[in-house]
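# Structural overview for review
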Number of protein chains: 2
Amino acid sequence: MIMKYKTVIVDDHPIVISGIAGLLSELDNIEIVEKFESGIALLDYIEDNKVDLILMDIFLPVINGVDLCKTIKQKHPKIVIIGMSSQSERSLVMQFIQNGGNGYILKNASFDEFKECIYKAIDGEIVFSEEVKTIISQPLSEDLERIPGLSRRERDIALLLSQGKSTQEIADDLFLSFLTVQTHRRNILQKYKMKNVAELIAFLLKNNMLN
Amino acid sequence: MIMKYKTVIVDDHPIVISGIAGLLSELDNIEIVEKFESGIALLDYIEDNKVDLILMDIFLPVINGVDLCKTIKQKHPKIVIIGMSSQSERSLVMQFIQNGGNGYILKNASFDEFKECIYKAIDGEIVFSEEVKTIISQPLSEDLERIPGLSRRERDIALLLSQGKSTQEIADDLFLSFLTVQTHRRNILQKYKMKNVAELIAFLLKNNMLN
DNA sequence: TAAAAAATACACTTTATCAGGTATTGCCGT
DNA sequence: ACGGCAATACCTGATAAAGTGTATTTTTTA
């Protein structure tokens, strides 16, 4: 008798669930036992039922994929979890893996990629779809400069700058000296080698460093 | 004999295509004649083949959904086009409709919503899934301000500002007088009631008004 | 084709930013 | 316990931006 891998799909898009279900039905040692549109329902389910493999969207309402993965792995380290999303950011993928994820697939991956990744993952490998690979490998080799982060205070100030506040207004808002804010401004500009606040804000927003 | 609506699906996620195809296969007067992962392939196809209904993702590589819709409608106004995306922004939905789109569905819509929207759309209605409705109706009542766009020149200048260029540098880049650039800057700031360039850049980037 | 919008240009005043250097205090981690 | 980083603060001069007013030409569009 063949043991089938009991598989659960979690995605808040019914369309995607049905797409993946259709794909997985072609794999003969995979059995889809349940589908969920939220992580909470999944957490309940795995307490009472055996699950071998979870395919989950990273962007879920209420609880995000990274936290969900972490929570599941703490109690059920043997469950294989593969993350999915439409766009991928390097840092997000790394976070997911660091929290126990066994792989990451972009939704624009081909059917073959999906199948291959799933097979390899249940075989114990950490798997990525092609595009994810290029995304996570490129900046690591070429881009030596891992951009330094903003300190707490610097983030406060940058945020207010993006709201059009002047140095004096920021000083008032944060109960600081005008001169202190001026120093922070200068430090931020120097840190990222920016000419002025306009360029800085554009840079920070594009790199998701505000909020 | 029943005429089936010849339907094409365009999405760069194979998984989503297969999901929608599965759904539509349940509708007996819909016939899926083709599936594409890019808009270019679609444009070729409709030149030589009869198509009644197109379901397209808005975020596509190479050509975006809004432009694609516009191009198709110019030559084939009778084709019913429904847009889809994972997240929806009010302005994007409106743009899509203004360019001839017959409806907009969020991918997290239920199967029933999908079916209903498709039926209504081929019946001549402009349709939206539930979540889209709430998104486009909320800001409409409360948020009177339909933000005016940047003119071509203003966009040029805003772009250079976001790159940290000074007024003089922009003037040199665009072969304009310093004073002209100054005037444009002022006009842009006044148009959006922004205090300074930092706030402006943040605003423009958040509203996808650069590039 | 007439009106509206956009692009161009000039002058002047006030205020803010940028860039340089310097220094003290507190906290975190090794 | 010490070094390093973060946060705080001060000074000054040069430069740039912001605020206000006006005006001509070109392009778009109703």
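Residues numbered from 1 in each chain as written. Chains lettered and ligands numbered in written order. Predicted model: local features only at pLDDT ≥ 70, side-chain atom pairs only at ≥ 80, totals over all residues. Heavy atoms only, no water.

### Thoughts on the protein's contact with DNA strand C
Here is the rule: Each residue is tested against the molecule or strand, and it is near if at least one of its non-hydrogen atoms lies within 4 Å. Definition of a polar contact: a pair of N or O atoms within 3.5 Å, with one able to donate and the other able to accept a hydrogen when the atoms are protein atoms, and with sequence-neighbouring residues admitted only if both atoms are side-chain atoms. The way it works is that DSSP assigns letters per residue, a run of H or I at least four long becomes a helix, a run of E at least two long becomes a strand, and they are numbered from the N terminus. Polar here means any residue outside two lists: the nonpolar Ala, Val, Leu, Ile, Met, Phe, Trp, Tyr, Cys and Pro, and the charged Asp, Glu, Lys and Arg; Gly therefore counts as polar.
Around DNA strand C, a shell composed of 20 residues is seen, among which Thr167(A), Arg185(A), Arg186(A), Ser151(B) and Thr180(B) lie nearest. Here a phosphate oxygen of DNA strand C and a backbone polar atom of Arg152(B) are 3.4 Å apart. Between DNA strand C and the protein, one listed contact pairs a phosphate oxygen with a side-chain N or O atom of Arg153(B) at 2.8 Å. When residues of the surface near DNA strand C are traced back to their parent elements, those giving at least two are helix H9 (178-191) of chain A together with helix H7 (152-162) and helix H9 (178-191) of chain B. Looking at which element gives the most residues to the surface near DNA strand C, the answer is H9(B), with six residues. When its residues are assigned to classes, the surface near DNA strand C shows four nonpolar, ten polar and six charged.

### Quick word on the pattern of salt bridges
If the charged atoms of two oppositely charged side chains come close together, the side chains can form a pair. Residue and element names in this part refer to chain A. For clarity, the cut-off: For this document, the term salt bridge refers to a Lys or Arg side-chain nitrogen within 4 Å of an Asp or Glu carboxyl oxygen. Only protein chains enter the calculation, and the probe is 1.4 Å; a residue is then buried if its accessible area is under 20% of its type maximum, exposed if over 50%, and partly exposed in between.
A full pass over the atoms with the stated rule returns 20 salt bridges over all chains. The partner of lysine 50 in a salt bridge is aspartate 52, with the nearest N and O atoms 2.6 Å apart. Residue aspartate 52 is classed as buried on the basis of its relative accessible area of 15%. For aspartate 57, the salt bridge goes to lysine 107, with nearest N and O atoms at 3.3 Å. Of this pair, aspartate 57 sits in strand S3 (residues 53-57) while lysine 107 sits in the loop between strand S5 (103-106) and helix H5 (111-122), and the two are 50 residues apart along the sequence. When sorted by exposure, aspartate 57 lands in the same class as lysine 107, which is buried. Connected via shared salt-bridge partners are Asp11, Asp57 and Lys107.

### Re the sheet that holds strand S6 (residues 127-128) of chain B
Residues and elements named next belong to chain B. Definition in use: Here, a strand pair is defined by DSSP locating no fewer than two bridges between the strands. Note on contacts: a residue pair qualifies if any of its non-hydrogen atoms lie within 4.5 Å across the two residues. Geometry is summarised by axes, namely lines fitted to C-alpha atoms with helices restricted to the contacting stretch, and by angles between N-to-C directions that run from 0 to 180 degrees.
Within the open sheet, the six strands sit side by side as S2-S1-S3-S4-S5-S6. Their pairing is parallel. Edge strands, defined here as strands with exactly one partner in the open sheet, are strand S2 (30-36) and S6. Both strand S3 (residues 53-57) and strand S4 (residues 80-85) contribute to a ladder of five bridges, which runs parallel. Of the residues in S4, the one forming a bridge with leucine 55 is isoleucine 82. With respect to the sheet, helix H1 (residues 14-24) is in contact with strand S1 (5-10), S2, S3 and S4, its orientation differing from that of S2 by roughly 170°. Seen against the sheet, helix H5 (residues 111-122) touches S1, S2, S3, S4, strand S5 (103-106) and S6 and runs at an angle of roughly 150° to S4.

### Some points on the domain arrangement of chain A
What counts, and what does not: Each domain's extent is set by a domain assignment, obtained either automatically or from a database.
Assigned domains within chain A: domain 1 (5-141) and domain 2 (152-206). Each of domain 1 of chain A and domain 2 of chain A was reduced to a C-alpha centroid, and the two centroids are 39 Å apart.

### What about the protein's contact with DNA strand D?
Ser151(A), Ser177(A), Thr180(A), Arg185(B) and Arg186(B) are the nearest of the 19 residues found near DNA strand D. Backbone sugar and phosphate groups make up 55% of those atoms of DNA strand D lying within 4 Å of the protein. Between DNA strand D and Gln182(B), the relevant distance is 3.3 Å, taken from a base oxygen to a side-chain nitrogen or oxygen of the residue. Listing elements by their share of the surface near DNA strand D, those giving two or more residues are helix H7 (152-162) and H9 of chain A together with H9 of chain B. Broken down by element, the surface near DNA strand D gets its largest block of residues, six residues, from H9(A). For the surface near DNA strand D, the per-class residue count stands at four nonpolar, ten polar and five charged.

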